[in-house]
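So the chains spell out like this:
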Amino acid sequence: MEANRIYNFNPGPAMQPLEVLKEAQAEFLNFHDSGMSIIEISHRAKQYDQVHQQAKVDIKELMGLGDDYEVLFIQGGASTQFAMIPMNFAIGGKIGNYVLSGSFATKAYQEAEILGTGHIAASSKNTNFRHIPVQDEICISEHAAYLHICYNNTIFGTEYHYIPEAGNIPLIADMSSDMLSRPLDFSKFSLIYAGAQKNLGPAGVCVVVARKSFLADSPKALPTMLRYDTFLKKDSLYNTPPAFCIYMVGKTAAWIKAQGGLTAMAARNEKKAKLVYDAIDNSNGFYHGHADKDSRSFMNVTFRLPNEDLETKFAAEALTHGLSGVKGHRSVGGMRTSIYNAMPYEGCEILTDFMEKFRKTNA
Ligand SMILES: *Cc1c(COP(=O)(O)O)cnc(C)c1O
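Residues numbered from 1 in each chain as written. Predicted model: local features only at pLDDT ≥ 70, side-chain atom pairs only at ≥ 80, totals over all residues. Heavy atoms only, no water.

Brief notes about the sheet that holds strand β14 (residues 335-338)
Pairing between sheet strands relies on hydrogen bonds along the backbone, with the strands arranged either parallel or antiparallel. Spatially, 3 strands are ordered β11-β12-β14 in an open sheet, and the strand pairing comes out antiparallel. Across the chains shown, the open sheet's two edge strands, defined by having one partner strand only, are β11 (288-289) and β14. Direction of pairing for strand β12 (residues 300-304) relative to β14: antiparallel, over a ladder of 4 bridges. Bridging from a neighbouring strand, T302 pairs with R336 of β14. Contacting β11, β12 and β14, helix α8 (residues 261-281) runs over the sheet at an angle of about 10° to β12. (Pairing = 2+ DSSP bridges. Helix = DSSP H or I, 4+ residues; strand = E, 2+ residues; numbered from the N terminus. Contact = heavy atoms within 4.5 Å. Axes fitted to C-alpha atoms, helices over the stretch in contact; angles between N-to-C directions.)

As structure tokens, then:
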């Protein structure tokens, strides 16, 4: 770790790979001998096009997807996808189906509701979103347009450990907080999206990976920038794309490839998560995990301490150990440590050493 950097456990914007940040810093003033910064180059120029195309190629290669899938770069964050999905697909009397597994899943559903088309196929709200609904809990409506799930629930610290079976209904997933963190059979999904600021780069771009045939025809009454077919047909270059964000996403994808791809990423992430969950499980009840064990996230670890005073103290003392961003979201309380792809194993070791020390002095 660099001397003046800290271990940042923030949920997003989140810690990014140091190598990626350094590379961007080194070429910021003069991108590939162009005499210009990447943020000054025309988005129609050859140098930018290379960045744009390579990012797409690397993302698809990492996900093991072929020519029937396309990568789109859309602004407005994952939150704009919440609206674009029902606007583009829940049409002609078809109904958007949603599994409510946390805050963002619920927000996605609420956008469909605004458009008058949402159906709750399953919900774990009654357990304060401690668990991921299992297949048997999911009830898809008649005339379903799609089934929408949130694969990793950033706030509650739960993650799917199976891909729901949706029959012939298109499956859509918000993977904002676990995109490219492990291999999956991504071909089971018609559309996957992820705001970049957790696992992929800076805020400002949402990466959408979808079946081309699914995106081909948006309803004629939709404005240009809200139609998926605009992004498909114009290669996400209908208007000026967030070039710097896409450049950073591309560098991050290349970094993941260099680490050994998604299989290697998953092994690293599981090892890190095990360390932190073990610290919780072996604390004689001092730390109490929020998520049910079989729904635990590899990306966001949520836990409580015996009382709120200790939680405040924990966050303050963590900071003096170079550990920032450990405070949980207000809807769960307690702590949340986000350990995305870029968090090194050593960061988790320092965290768990601190947790153990804190427990011994405060139990
Ligand atoms: C952060 C997050 C969002 C919101 O992303 P924005 O880019 O801020 O709109 C949506 N879904 C999940 C799972 C997230 O973690």
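A look at the domain arrangement of the protein chain
Taken domain by domain, the protein chain holds domain 1 (21-259) and domain 2 (260-362). Taking only C-alpha atoms, the centre of domain 1 and the centre of domain 2 are 27 Å apart. Between domain 1 and domain 2, the contact holds 32 residues from the first and 28 residues from the second. Each partner contributes to the roughly 2300 Å² buried at the junction of domain 1 and domain 2, and carbon and sulfur atoms together form 54% of this total. Looking at the side of domain 1 facing domain 2, the largest losses of area belong to R130, I155 and Q259, adding up to 24% of the total buried there. Connecting domain 1 to domain 2 are 0 salt bridges. At the level of secondary structure, the elements contributing two or more residues to the side of domain 1 that touches domain 2 comprise α2 (46-63), β6 (152-153), β7 (158-159) and α7 (243-259). With 5 residues, α7 is the single largest residue contributor to the side of domain 1 that touches domain 2. Looking at the side of domain 1 that touches domain 2 residue by residue, the class counts come to 13 nonpolar, 13 polar and 6 charged. (Domains from an automatic or database assignment. Buried area = accessible area lost by both parts, 1.4 Å probe. Salt bridge = Lys/Arg side-chain N within 4 Å of Asp/Glu carboxyl O. Nonpolar A, V, L, I, M, F, W, Y, C, P; charged D, E, K, R; others polar.)

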